[in-house]
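Fold and contact review
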Amino acid sequence: MSGPLVVLVGPMGVGKSTVGGLLAERLGVVFRDTDADIVAARGKEIADIFVEEGEAAFRTLEKQAVRQALAEHDGVLALGGGAILDADTRLNLAGLPVVYLSMDVEEAVRRTGLNAARPLLAINPRKQWRELMEARRQLYEGVARSVVATDGRTPEEVTQDVLDVLELKTATAGAHPDTPQEDVVTASVTRIQVGGTAGSEPYEVLVGRQLLGELGGLIGEKAKRVAVLHPEALAETGDALRADLAGQGYEAVAIQVPNAEEAKTAEVAAYCWKALGQSGFTRTDVIIGVGGGSTTDLAGFVAATWLRGVRWIAVPTTVLGMVDAAVGGKTGINTAEGKNLVGSFHPPAGVLCDLAALDTLPVNDFVSGLAEIIKAGFIADPVILQLIEADPEGARSPAGPHTAELIERSIKVKAEVVSSDLKESGLREILNYGHTLAHAIEKNERYQWRHGAAVAVGMHFAAELGRVAGRLDDATADRHRTILEAVGLPLHYRHDQWPKLLETMKVDKKSRGDLLRFIVLDGLAKPTVLEGPDPAVLLAAYGEVGE
């Protein structure tokens, strides 16, 4: 074996994987990425290795992965952005057909500015990019046989340039595709329309990667001020976004709030109102909520109540935020009496679901979000369940083969429902499948349980309730258990807590007076309302859940 046919080097975000895949397809060979090799070998994402083991440990792994790939692979090979920092690696690349894919600083920031998966670009993208490139440009050029610029060019154009500079012949005859596409690193963007009802404007949910460039269009020309509301855990991301917006001419302010459910209180909302008042926020200005479902719930509520309603944009960074909280316009905060009891229906101007934000999400948070995806499968789209059953381990990871499709399908389910029923007067109730018990568990645990974990237990209960009530067949009820267990979600809660849970459920938003209402299934994808079930039926169903 003589080594790879093509080796691509260049900085993070330049599009090595995109171009590498196209090159391999055109040449009729296999594409390989050393970063993907490391992830597969270690069972964790690159960013996690950086955080948990340090950059030095990662560079050692990277050096080994590159050496092995150069020895084994004869197709197209892409190296990680910092692989050329190692002197031995540079020596091993000598004489090989190496192409350096380059881009300038503004292009780099546009592509990677919101990407939490870039561990070396987390705080000030422009400044850190310049520092990285000052340290690495000569190294890239030193190992490369040719340099191909990617700025403002399509993947196909860059691919053709690489073929030309290396004088490589494609495996198949015929012209390469000339359909206009996004720039070299922008994967396809799915746009999901959410219809306007009850006087609200329609809006789009965008799902893809590198979506920062879409913000300007959503903010609009009338806005002078922008408030970036973010949790403490995303302080660096929030400040980077604020700085980027300030650089675009907006009066931008970052408002930091507590993490998770601790943000959803009247006290935190009042703190946000005060910040808006001190910033001179007017009705034409815009709030951006960056973070998980709790943050977007709060941001939407603050937007709904400031000046009786200002525009807001959701930038969810968790699975739960993307498929549930950021879509539909339900905003709210918690009280001592229960979850989301104070709120408003106030749809966003748009939602940006940048899948890159999931690459560094802790596994428990990612898996928690799967509960809402599984819910969408049971109430409306069984293909979701099939995809998860085919590869439950893959479903647990952002790198799984069906992650984008699972998220898109779930959003489409919710978008279709809320487009016809914004204010939960009818059809929208089906989205609460599993949530009546889930909210009671969350309150009982003082919101220390993850929402998805509570929803998983709630769906198990709803399935058993449907079975005991004679509405749901055994096979579909049992399928709840197997799918939830397969991805690592809980099925059980403490048996002795039933009396407290029952009392809490009586003040659930779906109740009518003292009449309890539950969403159950009459069959797969056939949700319906079970109203006022016999207490003995409820207890029997919980008997399968309690432990």
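This is a predicted model, so every value here is computed, not measured.

1. Observations regarding the packing of helix H19 (residues 451–468) against helix H22 (residues 535–545)
Where H19 contacts H22, the axes come no closer than 8 Å and their chain directions differ by 130°. Between H19 and H22, the angle is such that the two are oblique. The element H19 and its partner H22 pack so that their crossing is right-handed. Of H22, the residues touching H19 (which contributes Val-457, His-460, Phe-461, Glu-464, Leu-465 and Val-468) are Val-537, Leu-538, Ala-540, Ala-541, Tyr-542, Glu-544 and Val-545. The residue makeup of the contact of H19 with H22, split by class, is 10 nonpolar, one polar and two charged.

2. Some thoughts on the confidence of the model for the protein
Overall, the prediction assigns the protein a mean pLDDT of 86, with 87% of residues at 70 or greater. Note on residues 112–125: pLDDT under 50 across the span, and 42 contacts to partners over four residues away in sequence or across chains. With pLDDT under 50 throughout, residues 172–187 is counted as low confidence; its partners more than four residues away or in other chains account for 35 contacts.

3. Let's talk about the sheet that holds strand S8 (residues 225–231)
Reading across from one edge, S6-S7-S14-S11-S10-S8-S9 is the order of the seven strands in this open sheet, with mixed pairing throughout. Looking along the sheet, the strands with just one partner apiece sit at the ends: strand S6 (190–194) and strand S9 (251–257). Within the sheet, the average angular offset between the axes of one strand and its neighbour, ignoring direction, is 15°. Alignment of strand S10 (residues 286–291) against strand S11 (residues 311–316), held across six bridges, turns out to be parallel. If you follow Gly-289 over to S11, its bridge partner there is Ala-314. Of the strands in this sheet, S8, S9 and S10 touch helix H11 (residues 266–278), which is tilted by about 165° from S9. The strands that helix H12 (residues 293–305) touches are S8, S9, S10 and S11; relative to S10, the one it contacts most, it runs at about 165°.

Criteria and thresholds
- Residues numbered from 1 in each chain as written.
- Predicted model: local features only at pLDDT ≥ 70, side-chain atom pairs only at ≥ 80, totals over all residues.
- Heavy atoms only, no water.
- Axes fitted to C-alpha atoms, helices over the stretch in contact; angles between N-to-C directions.
- Helix = DSSP H or I, 4+ residues; strand = E, 2+ residues; numbered from the N terminus.
- Parallel < 35°, antiparallel > 145°, perpendicular 65-115°, else oblique.
- Left-handed = near helix turned anticlockwise from the far one by under 90°.
- Contact = heavy atoms within 4.5 Å.
- Nonpolar A, V, L, I, M, F, W, Y, C, P; charged D, E, K, R; others polar.
- pLDDT = per-residue confidence, 0-100.
- Pairing = 2+ DSSP bridges.

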